[in-house]
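# Inside the fold
Okay, here's what each chain looks like letter by letter:
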Amino acid sequence: MHSPPVALTIAGSDSGGGAGIQADLHTFAAHHVYGTSVITAITAQNTRGVTAAESIGADLVRAQLDAVLGDFAVAAVKTGMLGGAELLALVARYGEADRLPNLVVDPVMVTTTGDPLFAGDPAAYLARLGPLATVLTPNLIETRQLLGREITTVDDMREAARALATYGPRAVLVKGGHLEGESAGEPHEGGAVDAGGVPGGSDSAIDVLWCDGQMLDLAAPRVATRNDHGTGCTLASAIAARLALEHPLPQAVAGAKAYVTEALKAAAEWRLGLGRGPVHHQHGRKSNAL
Ligand SMILES: Nc1ncnc2c1ncn2[C@@H]1O[C@H](COP(=O)(O)OP(=O)(O)OP(=O)(O)O)[C@@H](O)[C@H]1O
Ligand SMILES: Cc1ncc(COP(=O)(O)O)c(N)n1
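Computed from a prediction, not measured in an experiment: that's the story for all the values here.

Calculation criteria
- Residues numbered from 1 in each chain as written.
- Chains lettered and ligands numbered in written order.
- Predicted model: local features only at pLDDT ≥ 70, side-chain atom pairs only at ≥ 80, totals over all residues.
- Near = placed C-beta within 6 Å.
- Helix = DSSP H or I, 4+ residues; strand = E, 2+ residues; numbered from the N terminus.
- Nonpolar A, V, L, I, M, F, W, Y, C, P; charged D, E, K, R; others polar.
- Pairing = 2+ DSSP bridges.
- Contact = placed C-beta atoms within 7 Å.
- Axes fitted to C-alpha atoms, helices over the stretch in contact; angles between N-to-C directions.
- Core = buried A, V, L, I, M, F, W, Y, C linked by C-beta atoms within 7 Å.
- Buried ≥ 20, exposed ≤ 12 C-beta atoms within 10 Å, placed from the backbone.
- Parallel < 35°, antiparallel > 145°, perpendicular 65-115°, else oblique.
- Left-handed = near helix turned anticlockwise from the far one by under 90°.
- Right-handed = clockwise from strand over helix to strand, strands pointing away.
- pLDDT = per-residue confidence, 0-100.
- Expected span 1.5 Å × (residues − 1).

The next point concerns the site of ligand 2. Lining the immediate environment of ligand 2, one finds 17 residues, of which Gly12, Ala19, Gly20, Met81 and Thr111 sit closest. Secondary-structure elements contributing two or more residues to the shell around ligand 2 are strand 1 (6–14), strand 2 (34–46) and helix 7 (231–244). Considered class by class, the residues forming the shell around ligand 2 number six nonpolar, ten polar and one charged.

Before going further, it helps to spend a moment on the site of ligand 1. The environment of ligand 1 is formed by 23 residues, the closest being Asn139, Lys175, Gly177, Ala205 and Gly232. Of all the secondary structure elements, the ones that give two or more residues to the shell around ligand 1 are strand 8 (204–211), helix 7 and helix 8 (249–266). Among the residues making up the shell around ligand 1, the classes are represented as eight nonpolar, ten polar and five charged.

Pairing is mixed in the open sheet, where nine strands are placed in the order 3-2-1-4-5-6-7-8-9. Each edge of the open sheet is held by one strand with a lone partner, namely strand 3 (49–55) and strand 9 (214–221). Docked against the sheet, helix 7 engages strand 1, strand 4 (74–79), strand 5 (103–105) and strand 6 (135–136), running at close to 165° with respect to strand 4.

The subject of this paragraph is the nonpolar core. Counting 83 residues, the largest nonpolar core has Ala7, Val77, Val104, Leu209, Ile239, Ala240 and Val253 as its most contacted members. Looking at which element gives the most residues to this core, the answer is helix 7, with nine residues. Once residues within four sequence positions are removed from consideration, valine 77 is found in contact with Leu8, Ile10, Leu100, Pro101, Asn102, Leu103, Val104 and Ala240.

Attention now goes to the packing of helix 3 (residues 85–96) against helix 4 (residues 122–129). Taken N-terminus to C-terminus, the directions of helix 3 and helix 4 make an angle of 10°; their axes are 10 Å apart at the nearest point. One way to sum up the angle between helix 3 and helix 4 is to call them roughly parallel. Between helix 3 and helix 4, the residues in contact are Ala85, Leu88, Ala89, Ala92 and Gly95 and Ala124, Tyr125, Arg128 and Leu129, respectively.

Residues Ala171 and Leu173 line one face of strand 7 (residues 171–174) and the alternating positions Val172 and Val174 line the opposite face, and both faces are buried. Examined bridge by bridge, strand 6 and strand 7 share two bridges and lie parallel to one another. The residue of strand 7 that forms the bridge with leucine 136 is valine 172.

One way to put it is that helix 2 (residues 58–69) packs onto helix 3 with a least axis distance of 10 Å and a crossing angle of 25°. It follows from the interaxial angle that helix 2 and helix 3 lie roughly parallel. For the element pair helix 2 and helix 3, the recorded crossing hand is right-handed. Between helix 2 and helix 3, the contacting residues are Ala58, Val61, Arg62 and Leu65 on the first element and Glu86, Leu87, Leu90 and Tyr94 on the second. In terms of residue class, the contact of helix 2 with helix 3 is built from six nonpolar, no polar and two charged.

Here we come to unusual backbone geometry. Among all residues save glycine, negative phi is the norm, and among peptide bonds the norm is trans. The phi torsion at histidine 32 lies on the positive side, around 60°, for a residue other than glycine. For histidine 32, the position within the fold is in the loop between helix 1 (20–30) and strand 2. On the basis of neighbour counts, which here come to 11 C-beta atoms within 10 Å, the residue histidine 32 falls in the exposed class. Despite not being glycine, asparagine 102 shows a phi value in the positive range, around 45°.

Among the nine residues of strand 1, eight are classified as buried, and the element is accordingly described as predominantly covered. In this sheet, strand 2 lies alongside strand 1 in parallel orientation, the contact comprising nine bridges. Note on strand 2: the bridge partner recorded for threonine 9 is serine 37. Taken together, strand 1, helix 1 and strand 2 constitute a β-α-β crossover, and its handedness is right-handed. Pairing of strand 1 with strand 4, which is carried by five bridges, proceeds in the parallel orientation. Bridge pairing links alanine 7 to alanine 76 in strand 4.

When pLDDT drops low, the exact placement of atoms in the prediction is not to be read closely. Residue-level pLDDT values for the protein average 92, and 91% of them are 70 or greater. The model gives residues 183–187 a pLDDT under 50, and that stretch makes 13 contacts with residues more than four places away or in other chains. In the model, residues 196–200 has pLDDT below 50 throughout and makes 18 contacts with residues more than four positions away in sequence or in other chains. With pTM at 0.94, the complex prediction returns an ipTM value of 0.97.

Here we come to helix 6 (residues 154–165). Helical geometry note: an α-helix holds 3.6 residues per turn, so side chains three or four residues apart project in the same direction. Taking 1.5 Å as the rise per residue, helix 6 with twelve residues should run 16 Å; its terminal C-alpha atoms sit 17 Å apart, in good agreement. Those residues of helix 6 that sit buried are Val154, Asp156, Met157, Arg158, Ala160, Ala161 and Leu164. Summarising the contacts, the buried residues of helix 6 are in contact with strand 6, helix 5 (140–147), strand 7, strand 8 and strand 9.

What follows is the structure, encoded as structure tokens:
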């Protein structure tokens with residue numbers, strides 16, 4: 001008997017299919033990891049923005065969690081949009097009860113298009129989920145909201161990763177996708193993990209990873225594209241998929257970033273929707289049956 005590893009995403013639905021639950025399940029499938037899902041919110045959304053959003057009631061979210069966790073041997077979990085304080089507290093209780101292994105926390109607060117997706121207190125987010133996270137993956141806007149400080153350079157990102165690590169996650173990945181025209185500055189003492197990338201520079205997409213007390217810079221070529229909707233969700237679910245596949249943590253993060261870079265490249269010429277289009281999650285798939 002052989003079963004694929006199982007991952008779980010706890011996130012919101014994106015009707016446009018580029019982010020949220022849809023991106024996560026595509027990513028799990030691309031990694032040959034069986035995907036399960038707990039839907040926390042429904043958003044009416046496309047490549048241009050969110051036009052409506054409604055949270056799922058706590059009882060129904062709890063029932064989904066119990067249905068999945070009571071039946072599947074979940075090996076890794078990704079959290080995305082939680083919407084507000086009630087679902088944040090609910091998910092935290094499952095984590096505190098040791099029911100959410102290899103937890104990748106993407107602290108979704110606002111979309112790239114500027115629509116808010118979390119109505120609660122960012123400090124409470126950090127206090128509840130920070131200690132439970134294997135990896136916390138804020139983008140620059142979320143890092144600013146979580147720490148209440150400006151982040152404009154790669155050095156700021158490194159300082160922020162250290163500051164977020166004091167809340168208890170094993171690792172913090174501060175994502176630099178929104179960092180414009182910034183160079184990596186001095187190479188960091190911790191060196192770099194191969195993310196299929198290039199050394200830092202303004203044509204690089206630089207993330208910084210604080211992991212087990214070491215600072216690592218992850219640099220990849222910056223892809224010239226408008227199709228970058230859902231890159232954060234895709235990265236976090238690719239990390240979860242790789243943890244479910246038992247990759248060591250720094251390699252799981254670096255490999256996930258390389259996967260996102262390829263997904264951006266493969267979708268660069270797509271015209272899906274009129275705004276920020278999705279990435280190509282299945283870029284690596286080769287099958288004679290398809
Ligand atoms: N144009 C790009 N080229 C290469 N990598 C990119 C590009 N844009 C973002 N990335 C990478 O994609 C990942 C997600 O980063 P980003 O900072 O955009 O997160 P996010 O804001 O949560 O994502 P989203 O755009 O979905 O909101 C990071 O690894 C980042 O470096
Ligand atoms: C349901 C849901 N979850 C997360 C995001 C963040 O993704 P992005 O910042 O790419 O819009 C989103 N737009 N929608």
